[in-house]
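# Coordinate analysis (summary)
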Amino acid sequence: MTVITANTGKIPATIVTGFLGAGKTSLIQHLLKNAGGKRLALIINEFGELGVDGEIVKGCKIEGCPDENIVELANGCICCTVADDFLPTMKALLDRASPPDHIVIETSGLALPKPLVKAFNWPEIRTRVTVDGVVAVVDGPAVAAGRFADDPEAVDAQRKSDDGLDHESPLAELFEDQINCADLIIVNKADQMTGGQHEAAQAHIIKELQRPAKMITARFGEVDPRVLLGLDAAAEDDLHARPSHHELEGEDHDHDDFESFQVEIGELGNPQDLIAKLIPAIEAHDILRVKGFLAVKDKDMRLVLQGVGNRLQHYYDRPLEAHEGRKGRIVVIGLKGLDRAAIAAALA
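Per chain, the residues get numbers from 1 upward, laid out in the order the sequence is written. Only residues with pLDDT of 70 or above have their local features reported here, since the model is predicted, and side-chain atom pairs are shown and tallied only from 80 upward, although totals for entire chains, interfaces and linings are computed over all residues. Hydrogens and water are ignored here; the side-chain numbers use all heavy atoms of the structure.

We now examine the overall build of the chain. For the chain, the helix and strand inventory stands at 13 helices and 12 strands. For the exposure calls, accessible area comes from a 1.4 Å probe over protein chains only, and a residue counts as buried if that area is under 20% of its type's maximum, exposed if over 50%, partly exposed in between. Out of the 348 residues in the chain, the part that is buried amounts to 53%. Any two residues having at least one pair of non-hydrogen atoms within 4.5 Å are treated as being in contact. Look at the contacts in the chain between residues 6 or more apart in sequence, and 80% of them connect residues 24 or more apart. Accessible surface area values rest on a Shrake-Rupley calculation with a 1.4 Å probe, where residue burial reflects the displayed protein chains alone. Element-wise, carbon and sulfur atoms account for 49% of the exposed surface of the chain, whose accessible area totals about 15500 Å². Counting from the N terminus, the helices are the DSSP runs of H or I reaching at least four residues and the strands are the DSSP runs of E reaching at least two.

Below is the structure:
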């Protein structure tokens, strides 16, 4: 029998948000592997042409979470396509003969969570599902280094010289909107931080928070499901307490500041050869995120590549299937204006 929230009689849903490469997929993988018998359904929304996150989760073949319980909404931001994509997907899950015990929604790194929370007030689903909690996954080392926020002194100097620079970067706004909609903030990648970096990351988050939220640290997204699920936040009922830059400024939300494209990569002789090309390309073109799948000569396993800035990781996740061939693909994400030809040439 489907588990429902004790107070509302609704199926709970958890929204997992966080910036590009913060570790949302790792968090969800750990959750699925340790679900304790709960029937979970997973909705994954990605920014980019290749469904990497969904393929990574499916590649794990996690018991209790069959492929049909993993729904991908690719090539579009979930907060911008609520009526077209998200609501029909939710209704289909709820209308199943055996609906899930809990629904987990992984947003793209560019999604604003508040429009998605608002969608739970739509008549088609309001009486049947509730937002158990909004979880923001934060890339601790990146935040400690100020990667996703402006330097206050530099911004102040720019404003003094140009009245037109009276705004924050899109990255900083996204980061602040995500943490200010959250019920739980997870400072991830604690294994990559010193004590001072950990304090710097927490201090920056606290500085930008405008509402109470619990904060914990994690390594590799390994958080006990008992901490993630059962928050009983009913977030759709307290939207006024979740501030957003875009509402305050009266602006519509779009992703014109970002773009992504796909690069085809031939079979590799040695993954390190590609890494050696990627790092200077990332630095030269200010690439924010890379992710994809690769084939390596004399290896029957698929190689997963992921990176935030110039921090890259790669690992084999499952056997290559015959239909996949021996070519790889990488999605490159950055601010608008990427020199696609130059980047593709650098990786050739």
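Now for the pattern of salt bridges. Salt bridges are defined as contacts in which a side-chain nitrogen from Lys or Arg sits within 4 Å of a carboxyl oxygen from Asp or Glu. Taken as a whole and judged by the stated rule, the model has 16 salt bridges. As a salt-bridge pair, Arg302 and Asp317 come within 2.6 Å of each other at their nearest N and O atoms. Highlighted residues: Arg302 in strand S10 (residues 301-308) and Asp317 in strand S11 (residues 311-319), separated in sequence by 15 residues. Relative accessible area serves as the criterion here: at 2%, Arg302 is assigned to the buried category. A salt bridge links Arg302 to Glu324; the shortest N-O distance between them is 4.0 Å.

A few words now on the packing of aromatic side chains. Given two aromatic rings, their pairing is described by the distance between the two centres and the angle made by the two planes. Only rings of Phe, Tyr and Trp enter the pairing, Trp through its six-membered ring, and a pair is recorded when the two centres are within 6.5 Å. The plane angle decides the type: under 30 degrees is stacked, over 60 is edge-to-face, the rest tilted. Applying the stated criterion to the full structure yields 0 aromatic pairs. For a lysine, the NZ atom is tested; for an arginine, the CZ atom; a charge sits over a ring if that atom is within 6 Å of the ring centre and within 35 degrees of the ring normal. The ring of Phe293 has Arg302 lying over it, and the distance from NZ or CZ to the ring centre is 3.8 Å.

Between its first and last C-alpha, helix H9 (residues 195-208) extends 20 Å over 14 residues, near the 20 Å set by a 1.5 Å rise per residue. Within H9, burial applies to Ala201, His204, Ile205 and Glu208. Angular distribution of buried residues about the axis of H9 spans 95°; they occupy a single face of the element. Those residues of H9 that are exposed and angled more than 90 degrees off the buried face are Glu199, Ile206 and Lys207. Any helix carries an expected span of 1.5 Å times its number of residues minus one. By definition, the arc is the one covered by directions from the helix axis to the C-beta atoms.

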